[in-house]
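Take a look at the letters that make up each chain.
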Amino acid sequence: MGTITGYRKESQFMKVGITFSAFDLLHAGHVAMLREAKEQCDYLVAGLQLDPTIDRKEKNKPIQTIVERYTQLKAVKYIDEIIPYTTEKDVEDILEMYQVDVRILGEEYKDKDFEGFTIDSKLLEKANKNAIILHCLPAYRSKEITDEIFESHKSRIFDQAENRLHAQQALLSCILQ
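Conventions we followed
Just so you know, the residues in each chain are numbered from 1, in the order the chain's sequence is written. Where totals are concerned, whole chains, interfaces and linings use all residues; where local detail is concerned, this predicted model gives features only for residues with pLDDT of at least 70, and gives and counts side-chain atom pairs only at 80 or more. Each side-chain value is worked out from all heavy atoms of the structure, with water and hydrogens disregarded. In this description a helix means any DSSP run of H or I spanning at least four residues, a strand means any run of E spanning at least two, and both kinds are numbered starting from the N terminus. Using a 1.4 Å probe on the protein chains alone, a residue whose accessible area is under 20% of its type maximum counts as buried, one over 50% counts as exposed, and one in between counts as partly exposed. Being paired, for any two strands, means DSSP has found at least two bridges between them. Fitted lines through C-alpha atoms give the axes, limited to the stretch in contact for helices. The angle between two N-to-C directions lies from 0 to 180 degrees. Every residue pair with non-hydrogen atoms within 4.5 Å of one another is taken to be in contact. Salt-bridge detection follows one rule: a side-chain nitrogen of Lys or Arg within 4 Å of a carboxyl oxygen of Asp or Glu. What is meant by a nonpolar core is a set of buried Ala, Val, Leu, Ile, Met, Phe, Trp, Tyr and Cys residues, joined one to another through side-chain atoms within 4.5 Å. Viewed with both strands pointing away, a crossover whose connecting path from the first strand over the helix to the second turns clockwise is right-handed. Any two rings among Phe, Tyr and Trp, with Trp reduced to its six-membered ring, count as a pair given centres within 6.5 Å; such a pair is stacked if its planes are under 30 degrees apart, edge-to-face if over 60, and tilted if neither.

Describing the environment of Glu-96
- Looking at the secondary structure, you find Glu-96 in helix H4 (residues 88–97).
- Under the relative-accessibility criterion, Glu-96 is labelled partly exposed at 47%.
- Sequence separation between Glu-96 and Ala-127 is 31 residues; the distance between their C-alpha atoms is 7.9 Å.

Okay, structure coming up:
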């Protein structure tokens, strides 16, 4: 495993993606999400949260130690780098410190409020100039993403939805044969 900084120096035109989680009790769903995330970028970073209950009391304390979770993540071939972090403020700092092109959010964020994390022009200014916007629909406009960004030339939201539709159609076709 290298580092984002080293990777950027070697290949300045590659896309860097990042996802954040506690990755407790790593399972097939995690691995499938990481595989899909890796399809969106050339270099995938997994932000590994030490203990989500530190700043979010509604979360569960991890069952596995940070060492166990780190070791399991290190074995996942889709991950290029692991960055441990403690709080949601650390997430903001990591996103500002590194030029991330793609941020991958899991299904558990679908119906959640995103105060401070709305994808808007101010947030997009901090991103790499070649950053694109992906979103698992439905998108709650003005809550998760502004109309301006949703409809912008950087948005690939409808392309992503169309690709997912074709994948689901192919799967359904195989199952029904």
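So that's the structure; there's more coming.
Quick notes on the sheet that holds strand E4 (residues 102–104)
- The four strands are arranged E3-E2-E1-E4 in an open sheet whose pairing can be described as parallel. Of all strands in the sheet, those bounded by a partner on one side alone are strand E3 (81–85) and E4. Pairwise comparison of adjacent strand axes, ignoring direction, gives a mean angle of 25 degrees for this sheet.
- Bridge count between strand E1 (residues 16–21) and E4: three bridges; the pairing is parallel. Its bridge partner being in E4, Thr-19 is matched across the sheet by Ile-104.
- Helix H3 (residues 66–74) rests against strand E2 (43–49) and E3 of the sheet, and its axis sits at about 165 degrees to E2.

Digging into the pattern of salt bridges
- Within the structure shown, the criterion is met by five salt bridges.
- Among the ionic pairs, Arg-56 bridges to Glu-88, the shortest N-O distance being 3.3 Å. You can see Arg-56 sitting in the loop between E2 and H3 and its partner Glu-88 sitting in helix H4, a full 32 residues away along the chain. By the burial criterion, Arg-56 is buried, and Glu-88 matches it.

Considering the side chain of Ser-21
- Summarising the element assignment, Ser-21 is placed in strand E1.
- Each residue touching Ser-21, except ones within four places of it in the same chain, is listed here: Gly-47, Leu-48, Gln-49 and Tyr-85.

What to know about the nonpolar core
- The biggest cluster of nonpolar side chains holds 16 residues, and the ones touching the most others in it are Phe-23, Leu-34, Leu-44, Leu-73 and Ile-79.
- Among the secondary structure elements, those contributing two or more residues to this core are helix H2 (28–38), E2 and E4.
- It is E2 that contributes the most residues to this core, three residues altogether.
- By size, the runner-up hydrophobic cluster in this structure holds 11 residues, among which are Ile-18, Val-45, Ile-83 and Tyr-85.

Structural notes on the pairing of E1
- Within E1, six of the six residues are buried, which leaves it mostly tucked inside the rest of the structure.
- Because side chains alternate across E1, one face comprises the buried residues Val-16, Ile-18 and Phe-20, and the other comprises Gly-17, Thr-19 and Ser-21, equally buried.
- Pairing geometry for E1 and E2, over six bridges, is parallel. Across the sheet, residue Ser-21 finds its bridge partner in E2, namely Leu-48.
- Assessed by its sense of winding, the connection that carries the chain from E1 through H2 to E2 is right-handed.

Some details on the pairing of E3
- Most of E3 is tucked away, with four of its five residues classed as buried.
- By the bridge criterion, five bridges tie E2 to E3 in an arrangement that is parallel. Bridge pairing in E3 places Ala-46 opposite Ile-82.
- Handedness of the β-α-β unit built from E2, H3 and E3 comes out right-handed.

Things to note about the packing of aromatic side chains
- For the structure on display, the rule yields two aromatic pairs.
- Arranged with centres 5.3 Å apart and planes meeting at 85 degrees, the rings of Phe-20 and Tyr-85 form a pair that is edge-to-face. On the criterion of sequence distance, the pair formed by Phe-20 in strand E1 and Tyr-85 in strand E3 is long-range, its members being 65 residues apart.
- Judged by its relative accessible area of 4%, Tyr-85 falls in the buried class.
- Ring geometry for Phe-150 against Phe-158: centres 5.4 Å apart, planes inclined by 85 degrees, an arrangement best described as edge-to-face.
- For Phe-150, a relative accessible area of 4% puts it in the buried group.

So, to be careful, I would describe these as geometric facts and stop short of saying anything about function.
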